[in-house]
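Notes for the structure review
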Number of protein chains: 2
Amino acid sequence: MTKQLSLCSKPGYCERHIQNSFAQVLYDFTAEPGNNELTVKEGETITITNQHIGGGWIEAQNSRGEVGLVPEDYIESDLLNSLVPLQTLLSTTAHANNASNGNDPWSVWNTDATGGSSNNWASKPEGTQTGKSAAADPWSSAAQGHPQAYQGPELYLLCKQLVKGKDKLPIYMGEVGPVWSYPETQLDCVVADPKKGSKMYGLKSYIEYQITPSTTNRPVNHRYKHFDWLYERLLDKFGSAIPIPSLPDKQVTGRFEEEFIKMRMERLQGWMTRMCRHPVVSNSDVFQLFLTYKDEKDWKTGKRKAEKDETVGVMIFSTIEPEAPDLDPIEVEQKCEQFSRFTRAMDDGVKEILTVGQEHWKRCTGPLPKEYQRIGKAFQNLSSVFNSSGYQGESTLTDAMTAAGKTYEEIAQMVAEQPKKDLHFLMETNNEYKGLLGCFPDTIGVHKAAIEKVKEGDKLVATSKISPQEKVTMAKRVSIMSYALQAEMNHFHSNRIYDYNRVMQLYLEEQVKFYETIAAKLRQAHSQFTTM
Amino acid sequence: MTKQLSLCSKPGYCERHIQNSFAQVLYDFTAEPGNNELTVKEGETITITNQHIGGGWIEAQNSRGEVGLVPEDYIESDLLNSLVPLQTLLSTTAHANNASNGNDPWSVWNTDATGGSSNNWASKPEGTQTGKSAAADPWSSAAQGHPQAYQGPELYLLCKQLVKGKDKLPIYMGEVGPVWSYPETQLDCVVADPKKGSKMYGLKSYIEYQITPSTTNRPVNHRYKHFDWLYERLLDKFGSAIPIPSLPDKQVTGRFEEEFIKMRMERLQGWMTRMCRHPVVSNSDVFQLFLTYKDEKDWKTGKRKAEKDETVGVMIFSTIEPEAPDLDPIEVEQKCEQFSRFTRAMDDGVKEILTVGQEHWKRCTGPLPKEYQRIGKAFQNLSSVFNSSGYQGESTLTDAMTAAGKTYEEIAQMVAEQPKKDLHFLMETNNEYKGLLGCFPDTIGVHKAAIEKVKEGDKLVATSKISPQEKVTMAKRVSIMSYALQAEMNHFHSNRIYDYNRVMQLYLEEQVKFYETIAAKLRQAHSQFTTM
């Protein structure tokens, strides 16, 4: 089955291979009698017997041979994971969290939407979403394991005819070096108004989001599976040149729970904003279709067209036109190495913040407020003992002491709620970057493979594998690839500086407010004591 | 040996019984060759063979029969403890911390004067200083275990001749009820300038403190052992009517370590201030002698006189003269019960604050600053990665991010140091009150025993144990005792309100400063980010 996957040029989820494959059950599902459903338990392995039931259902068989319908969202159905029990993955990653999180930026496997003390940045087993092995470290060997690597950059480096016409992607020389062509007005969109819909006579429910682009200001509706379709198209088309971050995870618990929906929407908004900000992605036909389709027919036509697009994978480089002289292959390699080093170092830095932030989150929502509460209670208890003294004039002290005690209880509450106000955004931003950085090894891998190919040029000519002219073409095309990588890195840097500036400001602003509010509350408590 | 103690009218340390008794070694002591010294190990049990060596030394024999000199401060030489290995006591109290701390208010058995994260309010084994059994709960039965209880209040209730003359202690009816006679100007003193002295050709060192009373403004010098002598005299003389808190513990580690000396001086100051504030104690001959002796001869004469004072124990009540009508015995009992309930409830409240405060201290000096430090480091690390990007204009972000990281490191430092600035005083005050409250069961016990005696009046008359006149005298005298208790409770309440008002204000003031400083630091860090 691993072989099957490696032959498939489509990274990630691949429908063709789901037929009759194993799948892992993610949550308990109890069949309703008379509906041809199958009761399954979390952790159970089932065999998918029919993927094409529709309406969000698949047909599956359990180990006792019983066959029935199961909601598709309740199972993890990609291929590699179907061979590895979930528990194994979970326990493996606990020891292997050095491995980068690949295309899995919003890892939420322990979303507890009800508990205030939970957080959503716990490490997820590697690859549960994209079909990668849990053991694979995307940084260890750049090209390893990614379907695009099997396709290889030769397809582009040696192809005879390049794409002509309207789809050209120019690269200009800006102040910071090679840059994509940016539109005058940046596209933006609002993801809002999640609505519950249902199919199959209410048997299967889903959430539909309203997306309103700044260009038309006309809302379109999309379900999560449409976002997922868009992601697959963008990854197919641009993934070799532009890191396309994964979508936020499918829900794990509380599918219709308010907080979960809010969180997913927030993350879908983040994903869409990032895509809108990218000049190449946001300007693409498929992205524009997603945002501005007029009606169901328009959407279906556009979908079919997008799925037939042949300028995908490494062929995207054939559309790129830098307005600059060819680069020396040594410089190309140096740039590539530099970006590789940087993204790798940043990946470490981001993960450190996530780890530290997660611990801080736990302390702020767990032991710390409990302690402030106990301090508050202790003051109040002592105050109430004092009140029982029978000594006159006692209330001048006890009223103030009780107020001080209550203030510490309020502080406890504030401490527990603060992470949602500041740490949350710091974590979300870093989590988003973790996901984005996890895409770089693949993107950089394509470049490294191309550079290696060009290095072999003389040998290939000598053994008549390629002509001398093809060798020249290869060098020219690897220079084009390098311009694309540089434009992308400059895009990344500019966005990164903007994002971190923003999130650090927001974090510090909220922290200042937090400490000032505490100081003000304590000052108020202090003022209630009489000076003697 | 327990019997011997119960026959002794002097509570606490009793020199007569130290001869040839066991003692527990508190710290390792290595004998210097040729000095007739004995090497002993912490936890070892030795036999004291000669208490009267002088110069701070005692002669002792170890279990191997070797005899030699040991510094008296290195051993725990009271009687009951000599029968119970220290480790047993330590492990017992860990499970029995409901037991009140008796006459042991400043329990410092794990003073780590060097470590910033240590604190000094850990529970100490009960009675290691005063010779009480570790298992005895002073609240459980008021009269239990205290030497005064064996002496009994009858001595006063039935004595023929009362003390006449100048030593009368009047009680007036004030606004709050019975009150002691307060001086127009409150006595105060400053304990300062600890100096190292030595005896025995430098073999034995000690610290001498300078005490300057506000009345004479002329400093006198005293070693800890002089304070201890004063404490014994005050306990002897006033202990039945006035709770006399124990002195701060003898040192445990780092005898000449600066921080330890500072801490002991601070606590001696606290003890002296409390004694000065008490109108009866501060006005007593022995206390005045301690504060104002003119020279060594004056001191020695005064000492001898004080040691010969016969108005000690319950006889102190014979000097008390309330200017109010006799109280009904039922009212006497109600008052006593009320005070008993109150001091017991306050003891619980104070211990709750100590427990909570100790945990908070640990968190503030342990995990919390470590976490802020890690947050600070994580920001700085990410900033330094960003700096390596090669992207122009990077420094606008990285300078600010590094500053933010450093700010969190500063906050870590502040958090770790804050308890010394605020929690310390809250803890010290509550610790002092814990000690003071631990004296009440004994004081109240004397009253309860007297009340019981009066209740038996008719029976005692019927069986000709006392005359009818003596029964009347007893009732009158228990009323006098009740006035004394009420005056003392009113003194306690008034001081308590003052102390808690002060310490709460101080705590909140410092807390406000702390949070305001953090807010200001973060505001400064925030201002370094450029708005984009």
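Residues numbered from 1 in each chain as written. Chains lettered and ligands numbered in written order. Predicted model: local features only at pLDDT ≥ 70, side-chain atom pairs only at ≥ 80, totals over all residues.

What counts, and what does not: UniProt positions are given in the numbering used here, feature names are shortened, and annotations may be inferred rather than shown by experiment.
Where an unreviewed UniProt entry is consulted, chain A appears under the name Sorting nexin 9, with the organism given as Myripristis murdjan. The Sequence similarities (unreviewed entry) field of the UniProt record for chain A holds the comment "Belongs to the sorting nexin family." Under Subcellular location (unreviewed entry), UniProt gives the following word-for-word description of chain A: "Cytoplasmic vesicle membrane".

1. Description of the overall build of chain A
Definition in use: Numbering of helices and strands runs from the N terminus, with a helix taken as a DSSP run of H or I at least four residues long and a strand as a DSSP run of E at least two residues long. Any residue with 12 or fewer other C-beta atoms within 10 Å of its own C-beta is exposed, any with 20 or more is buried, and the rest are partly exposed; the C-beta atoms used are placed from the backbone. Residue pairs qualify as contacts under a 7 Å threshold applied to their C-beta atoms, which are placed from the backbone.
From N to C terminus, chain A includes 16 helices and eleven strands. Per-residue burial for chain A yields a buried fraction of 45% across its 532 residues. A separation of at least 24 residues holds for 74% of the contacts in chain A among residues at least 6 apart in sequence.

2. Looking at the sheet that holds strand 10 (residues 220–223) of chain B
Residue and element names in this part refer to chain B. We count it as follows: Paired strands are those between which DSSP finds at least two bridges. Between N-to-C directions, angles span 0 to 180 degrees; the directions come from axes that are lines fitted to C-alpha atoms, helices contributing only their stretch in contact.
If you trace the three strands from one edge of the open sheet to the other, you get 8-9-10, paired in antiparallel fashion. Two strands bound the open sheet, and with one partner strand each, they are strand 8 (189–199) and strand 10. Going from strand to strand, the sheet's axes swing by 30 degrees on average, the running direction of each strand aside. One ladder, built from nine bridges, connects strand 8 with strand 9 (residues 204–213); its direction is antiparallel. Within the sheet, the bridge partner assigned to Cys 189 lies in strand 9 and is Pro 213. Of the strands in this sheet, strand 8 and strand 9 touch helix 7 (residues 258–277), which is tilted by about 130 degrees from strand 8.

3. Side note on the relation of the copies chain B and chain A
The condition that has to hold: Residues reaching a pLDDT of at least 70 in both copies supply the C-alpha atoms on which the copies are superposed by least squares.
Superposing chain B onto chain A takes a rotation of 180 degrees combined with a translation of 0.0 Å along the rotation axis, leaving an RMSD of 0.1 Å. Put plainly, the chains are arranged around a two-fold axis. By C-alpha distance to the rotation axis, the residue of chain B lying nearest is B:Tyr515, at 2.7 Å. Here 100% of the interface residues in chain B have copies in chain A that are interface residues too; the copies meet face to matching face.

4. Here we look at the nonpolar core
This is how the line gets drawn: Any nonpolar core is a set of buried residues, restricted to Ala, Val, Leu, Ile, Met, Phe, Trp, Tyr and Cys, that join up through C-beta atoms within 7 Å.
In this structure, A:Ala484 and B:Ala484 are the most contacted members of the largest nonpolar core, which totals 195 residues. In contact with A:Ala484, not counting residues within four places along its chain, are A:Ile171, A:Ala241, A:Phe317 and A:Ile320.

5. Re the interface of chain B and chain A
Short version of the rule: Residues are grouped as follows: nonpolar covers Ala, Val, Leu, Ile, Met, Phe, Trp, Tyr, Cys and Pro; charged covers Asp, Glu, Lys and Arg; every other residue, Gly included, is treated as polar.
Each side of the interface is counted separately: chain B has 51 residues, and chain A has 51 residues. Those elements that provide at least two residues to the side of chain B that touches chain A are helix 11 (329–365), helix 12 (367–387), helix 13 (395–421) and helix 17 (468–527) of chain B. Considering every element that reaches the side of chain B that touches chain A, the biggest residue donor is helix 17 of chain B, with 19 residues. Classifying every residue of the side of chain B that touches chain A by side-chain character gives 28 nonpolar, 14 polar and nine charged.

6. Considering the environment of B:Asn501
In this fold, B:Asn501 is placed in helix 17. Judged by local crowding, B:Asn501 falls into the partly exposed class, with 18 C-beta atoms found within 10 Å.

7. Observations regarding the confidence of the model for chain A
Residues and elements named next belong to chain A. What counts here: On a range of 0 to 100, pLDDT expresses the predictor's confidence in each residue.
Confidence in the prediction for chain A averages 80 pLDDT; 77% of positions are at 70 or higher. In the model, residues 78–119 has pLDDT below 50 throughout and makes 111 contacts with residues more than four positions away in sequence or in other chains. Every residue in residues 122–138 scores below 50 in pLDDT, and together they form 60 contacts with partners more than four places removed in sequence or on other chains. For this predicted complex, the interface confidence score (ipTM) comes to 0.76, while the overall pTM stands at 0.75.

8. Details of the pairing of strand 3 (residues 57–61) of chain A
Residues and elements named next belong to chain A. Sheet topology note: the strand 3/strand 4 (residues 67–71) ladder contains five bridges and is antiparallel. Residue pairing across strands places Glu 59 opposite Leu 69, the latter belonging to strand 4. Turn length for the strand 3-strand 4 hairpin, with the two strands adjacent in sequence and antiparallel, is five residues, and the turn residue Gly 65 shows positive phi of about 85 degrees.

9. Brief notes about unusual backbone geometry
A positive phi is found at A:Asn217, a non-glycine position, where the angle reads about 55 degrees. The topology assignment puts A:Asn217 in the loop between strand 9 (204–213) and strand 10 (220–223). The backbone phi angle of B:Ser464 is positive, close to 60 degrees, even though this residue is not glycine. Mapping B:Ser464 onto the fold places it in the loop between helix 16 (457–462) and helix 17. Residue classification places B:Ser464 among the exposed positions, given that 7 C-beta atoms sit within 10 Å.

10. Observations concerning the sheet that holds strand 8 (residues 189–199) of chain A
All names here are of chain A. Spatial ordering of the open sheet is given by 8-9-10, a layout of three strands whose pairing is antiparallel. Bordering the open sheet on either side are strand 8 and strand 10, each of which pairs with just one other strand. Direction aside, neighbouring strands of the sheet carry axes that sit 30 degrees apart on average. Running over the sheet, helix 7 (residues 258–277) touches strand 8 and strand 9 and is turned about 130 degrees from strand 8. Packed on one face of the sheet, helix 9 (residues 285–292) meets strand 8, strand 9 and strand 10 and runs near 105 degrees to strand 9.

11. A look at the packing of helix 11 of chain B against helix 15 (residues 440–455) of chain B
Two quantities define a packed helix pair, namely the angle between the helix axes and the distance between the axes. Residue and element names in this part refer to chain B. Heads up, the condition is: By the definition adopted for this analysis, an angle is roughly parallel if under 35 degrees, roughly antiparallel if over 145, roughly perpendicular if from 65 to 115, and oblique otherwise. Each crossing gets its handedness from the near helix: less than a right angle anticlockwise from the far helix is left-handed, clockwise is right-handed.
Where helix 11 meets helix 15, the axes come as close as 10 Å, and the angle between the chain directions of the two elements is 155 degrees. Our classification of the angle between helix 11 and helix 15 gives roughly antiparallel. Here helix 11 and helix 15 pass one another in a crossing that is left-handed. For the pair formed by helix 11 and helix 15, the contact residues are Pro 329, Val 332, Glu 333, Cys 336, Phe 339, Ser 340 and Thr 343 on the first element and Phe 440, Ile 444, His 447, Lys 448, Ile 451 and Val 454 on the second. Looking at the contact of helix 11 with helix 15, its residues break down into eight nonpolar, three polar and two charged.

12. What to know about helix 14 (residues 423–437) of chain B
The cut-off we apply is this: Expected span of a helix: the number of residues minus one, times 1.5 Å.
Taking 1.5 Å per residue as the helical rise, helix 14 of chain B with its 15 residues ought to reach 21 Å, and the 21 Å between its terminal C-alpha atoms agrees with that figure. Counting buried residues along helix 14 of chain B, 13 of its 15 residues qualify, which places the element largely inside the surrounding structure.

13. Topic: the environment of B:Met265
All names here are of chain B. Here Met 265 lies in helix 7. For Met 265, a count of 18 C-beta atoms within 10 Å corresponds to the partly exposed category. Residue contacts for Met 265: discarding those within four places in its chain leaves Val 191, Pro 194 and Tyr 209.

14. A few points about the pairing of strand 10 of chain B
All names here are of chain B. Covered by surrounding structure in strand 10 are Val 220 and His 222 only, the residues Asn 221 and Arg 223 on the alternate face being uncovered. Sheet analysis places strand 9 next to strand 10, joined by four bridges and oriented antiparallel. Across the sheet, Gln 210 pairs through a bridge with Asn 221, a residue of strand 10.

15. Regarding the environment of A:Lys362
Residues and elements named next belong to chain A. Relative to the elements of secondary structure, Lys 362 occurs in helix 11 (residues 329–365). A count of 16 C-beta atoms within 10 Å places Lys 362 in the partly exposed class. Sequence separation of Lys 362 and Glu 259 is 103 residues, and the distance between their C-alpha atoms is 19 Å.

16. Quick notes on helix 10 (residues 296–308) of chain B
Its 13 residues place the ends of helix 10 of chain B 19 Å apart at the C-alpha level, agreeing with the 18 Å of an ideal helix rising 1.5 Å per residue. With one of its 13 residues buried, helix 10 of chain B lies for the most part at the surface.

17. Considerations on the packing of helix 11 of chain A against helix 12 of chain B
Running from amino to carboxyl end, helix 11 of chain A crosses helix 12 of chain B at an angle of 160 degrees, the nearest separation of the two axes being 9 Å. The angle between helix 11 of chain A and helix 12 of chain B falls in the class roughly antiparallel. Here helix 11 of chain A runs over helix 12 of chain B; the crossing is left-handed. Touching A:Ala345, A:Met346, A:Gly349, A:Val350, A:Glu352, A:Ile353, A:Val356, A:Glu359, A:His360 and A:Arg363 of helix 11 of chain A are B:Glu371, B:Arg374, B:Ile375, B:Ala378, B:Asn381, B:Leu382 and B:Val385, all from helix 12 of chain B.

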